[in-house]
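Examination of the molecular architecture
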Amino acid sequence: MEYYSPKNSTELFKLLAEMDQPTFLAGGTDLLVRYYNKLDLLEKVVDLSKVKDFGGIKQEGDQIHIGALTTHQEIEDSVILEKILPALQEAAAEIGSPQIRHRGTIGGNIANASPAADLVPVLTAVDAKVELSGADVKRVVGLDDFLLGPGQTLLKEQEVLTDIFFSAPQNDEVVVFQKLGKRRALSISVVNLALLLKVNQENSEIVDIKIYLGSVGPKVLRARSVEESLIGKKINLKLILEGAKQVENDISPIDDIRSTGEYRSQVAQELFVRGMKEALARLEVDVDGLS
Amino acid sequence: MGTRSVGKKVAKVDVIDKVLGKAVFATDYYSDDMLYIKAVRASHPHALIKEIDVSKAKELEGVELIVTAKELAELNNFGLIIKDQEVLVREKTRSMGDVIALIAAKSEELARQAERLIEITYEELEVIEEPLRAMEDEAPLIHQSGNILCSHNLKKGDIKQGFAEADLIISNEFRTQRIEQLPLQTEAGVAEYDPETKVYTIWAATQWLHDTQIDVAHALGVSPTKINLVQPVIGGAFGKREDVSVQIHLALMAKLTGKKVKQVYTRAESMIAQSKRHPMIIRIKSGVTYTGEITAWEVEVIGDTGAYASSGPAVVHQALYHSTGPYNIDNIAGKSYTVYTNNTYSGAMRGFGATQAAFAYESQIDILAKEIGMDPVEFRLKNGYQRGSITPNGQELTSSVGLKETIEQAVEASNYQQIKVERGNKKRGVGMASIMFGNGYGEGYPDHSTCEIKVEDDGTLTIKTAAADVGQGVLTLVAQIISEVLNYPIERMNFLQANTATMKNAGSTSTTRQTLFTGNATKNAAENMLAQIHHHAFLELGAHYPSLEIKDGKIMVKGEGRGLTFGEVARLAKAKGQPLIAEGSYFPKTDVPDKETGFSAKNYLAYTFNTQIAEVVVDTETGQVEVERIVAAVDIGKAIHPQNIEGQSEGGTAMGLGMALMEDQIIEKGITKNPNLSNYLVPTSLDMPEIETIIVESKDAAGPYGAKGIGEPAMIPTAPAIINAIEDAIGVRIKELPATPEKILKALKSSEE
Amino acid sequence: MGLVDIEVKVNGEEFKLEVAANLRLVDLLRDKLGLIGTKEGCGEGECGACTVIIDGETANSCLVLAAQVDGREITTIEALGNEDKLHPLQQSFIDNGAVQCGFCTPGMILSAKNLLDHNPQPSEEEIKRGLSGNICRCTGYTKIIKAVQDVAQGGDIDGN
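Residues numbered from 1 in each chain as written. Chains lettered and ligands numbered in written order. Predicted model: local features only at pLDDT ≥ 70, side-chain atom pairs only at ≥ 80, totals over all residues. Heavy atoms only, no water.

Points about unusual backbone geometry
Residue and element names in this part refer to chain B.
- The omega torsion of the bond from Leu-737 to Pro-738 falls at -5 degrees, within 30 degrees of zero and hence cis.
- Along the polypeptide, Pro-738 turns up in the loop between helix H18 (718–730) and helix H19 (741–752).
- In this structure, Phe-238 is a non-glycine residue whose phi angle is positive, near 60 degrees.
- Among the structural elements, Phe-238 can be located in the loop between strand S11 (227–230) and helix H7 (247–257).
- Even without being a glycine, Glu-443 presents a positive backbone phi close to 55 degrees.
- Relative to the assigned elements, Glu-443 resides in the loop between strand S18 (428–438) and strand S19 (449–455). (Helix = DSSP H or I, 4+ residues; strand = E, 2+ residues; numbered from the N terminus.)

Side note on the domain arrangement of chain B
All names here are of chain B.
- You can read the domains of chain B as domain 1 (30–125 + 187–264), domain 2 (276–443 + 593–752) and domain 3 (448–586).
- Centre-to-centre, using C-alpha coordinates, domain 1 lies 39 Å away from domain 3.
- Counting from both sides, the interface comprises 16 residues of domain 1 and, opposite them, 17 residues of domain 3.
- Summed over both sides, the interface of domain 1 with domain 3 buries roughly 1200 Å², with 55% coming from carbon and sulfur.
- Of all residues in domain 1, the largest losses of buried area upon contact with domain 3 belong to Gln-207, Trp-208 and His-210, amounting jointly to 40% of the total for that side. (Domains from an automatic or database assignment. Contact = heavy atoms within 4.5 Å. Buried area = accessible area lost by both parts, 1.4 Å probe.)

Things to note about the pattern of salt bridges
- Within this structure, the stated rule accounts for 73 salt bridges over all chains.
- Among the ionic contacts, a cluster of salt bridges with common partners joins Glu126(B), Arg133(B), Glu136(B) and Glu138(B). (Salt bridge = Lys/Arg side-chain N within 4 Å of Asp/Glu carboxyl O.)

Here we look at the nonpolar core
- Trp297(B), Ile722(B), Ile726(B) and Phe93(C) are the most contacted members of the largest nonpolar core, which totals 139 residues.
- A per-element tally of this core places helix H10 (residues 354–371) of chain B first, with 10 residues.
- Not counting residues within four places of it along the chain, the set of residues in contact with Ile722(B) comprises Ala614(B), Val616(B), Val627(B), Ile630(B), Leu657(B), Ala660(B) and Leu661(B).
- Val67(B), Leu88(B), Ile227(B) and Leu548(B) belong to the second largest nonpolar core, which has 84 residues in total. (Core = buried A, V, L, I, M, F, W, Y, C linked by side-chain atoms within 4.5 Å. Buried < 20%, exposed > 50% of the residue type's maximum accessible area, 1.4 Å probe, protein only.)

Examining the side chain of Asp687(B)
- Its location among the elements puts Asp687(B) in the loop between strand S29 (671–672) and strand S30 (690–696).
- Look at Asp687(B): it is buried, it has no salt bridge, and the nearest opposite charge is Arg183(A) at 5.0 Å.
- In terms of polar contacts, Asp687(B) uses its side chain to reach the backbone amide nitrogen of Arg184(A), at 2.8 Å.
- A distance of 2.7 Å separates a polar atom in the side chain of Asp687(B) from a polar atom in the side chain of Thr684(B).
- Once residues lying within four places of it in the same chain are set aside, the contact partners of Asp687(B) are Arg183(A), Arg184(A), Leu657(B) and Met662(B). (Lys, Arg positive; Asp, Glu negative; His and termini not counted. Polar contact = N/O pair within 3.5 Å; in protein donor to acceptor, adjacent residues only side chain to side chain.)

Some remarks on the sheet that holds strand S3 (residues 51–54) of chain C
All names here are of chain C.
- Taken together, five strands build an open sheet; the order of strands is S2-S1-S5-S3-S4 and the sheet is mixed. Two strands close off the open sheet at either side, each with one partner strand: strand S2 (13–20) and strand S4 (57–60). Between one strand axis and the next, the sheet turns by 40 degrees as a mean value, whatever way the strands run.
- Bridging between S3 and strand S5 (residues 73–75) involves two bridges; their strand directions are antiparallel. Note on S5: the bridge partner recorded for Ile-54 is Ile-74.
- In the packing of helix H1 (residues 25–32) onto the sheet, the strands contacted are strand S1 (3–10), S2, S3 and S5, and the crossing angle to S3 comes to about 105 degrees.
- Lying on the sheet, helix H3 (residues 105–118) is in contact with S3, S4 and S5; it crosses S3 at an angle near 35 degrees. (Pairing = 2+ DSSP bridges. Axes fitted to C-alpha atoms, helices over the stretch in contact; angles between N-to-C directions.)

Below, the structure is given as structure tokens:
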């Protein structure tokens, strides 16, 4: 195994230009688990953690940029995100453990492309984009498009995910996050969910809704049929419960070591209902049948 | 301030090194020029070995030796009860943990690389996954002796009559899962061989030094005097360190390579290759009257002992002997089967089989109470043991039966009656479980412990006890007893590192026996020492015995201000050729149970009783259970170290919670699907409830100062208490552990339909 | 196997080392520097026995390459206290009966220290959360949490 530790992006891309199939390392909380007792089988490891250009959370107008090397702890502590997107902080706060959060990065969480990745649903709910950088060119792709399946993304061989950005939700929009795990810490999601909701305060009609679920398919899935059943309608409990039933149409959960497809399906519906209740409470929208 | 410390909180004797990070566990031994051992394990759980090709691995630079069974025909089998485990597998694999080859290399990494280069070809056989399949007539044999390793019987009274007297007869089947003990330190050790003395020295943790010594000696075909086992600090055990793990392999490779050798299991290896808790099927058929008398109890226990016997014959029948719980029942019939399968072998885990049995009987008790419309507390008090009760083995309980006190105190401390009214069927439930646990091997199994105390010239005490301290605090207990008898400060006591070369047998740290056995042996030794000190002081000071007292580290003549320090007495005694060394032992007798009925007038020396009450909240939309509070009332006779008793109770509760809700080693077709900690889940700090432990002291038990043990009983009531609480909350009864959210949700949905 | 030169400060002492590229931090500390207080319980970041503090934050040293700590400062359990003067957390663990087998103890104490360094007055829930990456199989956590609470309430989190 050869180890490389570029100090900035120029060094990094110069390095990558001469290399094929490098393995990228950032926080190490996925890579070193996967290669436990097998690190010697890796040929070239490029440590991104020292590349200074890739960190930091910045606000430019209404665009929020999160550098790929931002750790989950930094997300949890961010004053900017506390104001703009606290749901992302809730998601980060439930990842692993304090030790994991101090090292794990948002770039790793996304590029690792686990269907259970906890940061992904919130980011897709705000229509986040990822910046992929190569030696000479940067390109921008929607996060939802970027993720293809378990461990599969659009990243080309000499490309690195460098930035995640999104437009700050408006004042009348709210984003919420829900996670269900098998215990209260160090728990990979059995199902997770994020939704963005915008409601017309005068007539309680749903103006906009985006729902994304993780761990219920090969990648994060958008619950379009649920959205369609709700958009433009006046919100009430019955509508939410009927919408929940539609969740089944949009997801394809499997049986695996952690849970069953049947259970995931049932819980996905419940997380949707809870997400809606939380969103409405945050928007301070009074709804029929909702206590 | 006195130094007598029985009943008090004292700092544990071995704890400073632990908080400083200086404690040396088996994984922490390092030396230069050491070789690293890696076991090459089966890649098929039941297969004939056709060919083993180690040639490529041998060529790897830094690999010093690779051996297989072929080169070592002289090795004998090992095993705790039945010697059915091969050191290196000769003809066929029986489980994924089986060792086919051993590699010695200059580094762990090289050993791992060598392992990847070894090629083995197999002829696959049917993999027997379930004991019920193993018990079928035409099932392939895992061992030539047959798939049913053994069976046991229990018979008391007249079972037919008992059922005839019943108003209601209720049958249920309960199942428990395969659990991993998961001590935080995996198996590890270091060994070296002295070609001149032909002695093997092995540093590796074991719950019973002298038993492992014999097992290793027998496997290698040498006298036990040639095996010196040295005990490092032990990183938890819970039953997993009873069986041989690294010891024989290390000894072998130390001799063959002529070097010091080290082996450390990975967590996956530890989970796949070392013992588990027996998964059990327990069927109970009970007869009960409308007024709440239990008239009959019939039990069948089937235990999956996996590929090897280990403690299986004992574990499974202990489940049978404990299968009625602490309740007066005149008519009992039972049978147990210990069955081989191709799963990782099952052995000892906290509670042995009594833990699984308690889940079954305490669930059944709650079911019966509900059927006849009686309050669960009332039902238990009505049928519960008291002095004079007779156990299923026919033993009359003549002392220390604090069961009802544990029930009453747990009920009071938890405010049970009020909570039951407030909660119950509103997704918040409360449940209880009362259990009993026989201390020690019992059953006439010859067992003893010894302890030696020496007073040094400087007045410090050197204590030799081979009792394994696995974290529970037995060394502290020993120190407390000595301080109590001799009125001498614990700070002046030193414990030598336990080993077989210079120490006598203290028996196993298991079966909840150390408080009784090593405690009594220690008290015996301390009293012997006290007598010696009195004797020399009597002669030297010319004072009559009744006027001698020990105060402030000296033996003094009362009222005269003259006396001798312990150091002075030691020097005096040594000069006379009678060095101040005292040895104590404890050799109690129990009776061997009758083969047909299990009758044994004295089956166990003492029984510990524990009642726990659990408060839970069930999320009926997700099936998740939150345990909010557990109140535990433990009858341990006399609490020698109350804080350590609490520590055991809290730790046991955590383990019981894991058993109830989340722990499950999933083996399919002989292959473990979750050999890692991300998918084998134990409770984290955030999963824990508030725990209150009440110590009930019935004071006249067989242990020192009337004490009984807590180690295993601490965890036994937790799972049934939680399951009973879930039933109280949502009217759904889970009969197969663990009660995962998936199972609870499924049960809720079917109960709605 | 590639070799990497690193300069790292461990418990206040500077080291200049050449390490194999695939050497993990936990192995650097234990095998090369003889600091056996840091333990390995699982190798996959699930138990916290290997917890150390890197530049003021806890991390699972089994998931960090030694090469990655070039230029960093590491604190292991060996930096806290000695037989004559224990760190307040160490003393509190002893007083509260929070140590049984002791294997989780070094990692647990470092997580507790890191928690109190950032949050000197944590609630019980915050303590539980701060320790949630450290598995203990012996104690059930109750006395560990109390030990941390006592230090927080005592106000002397550094033992000064």
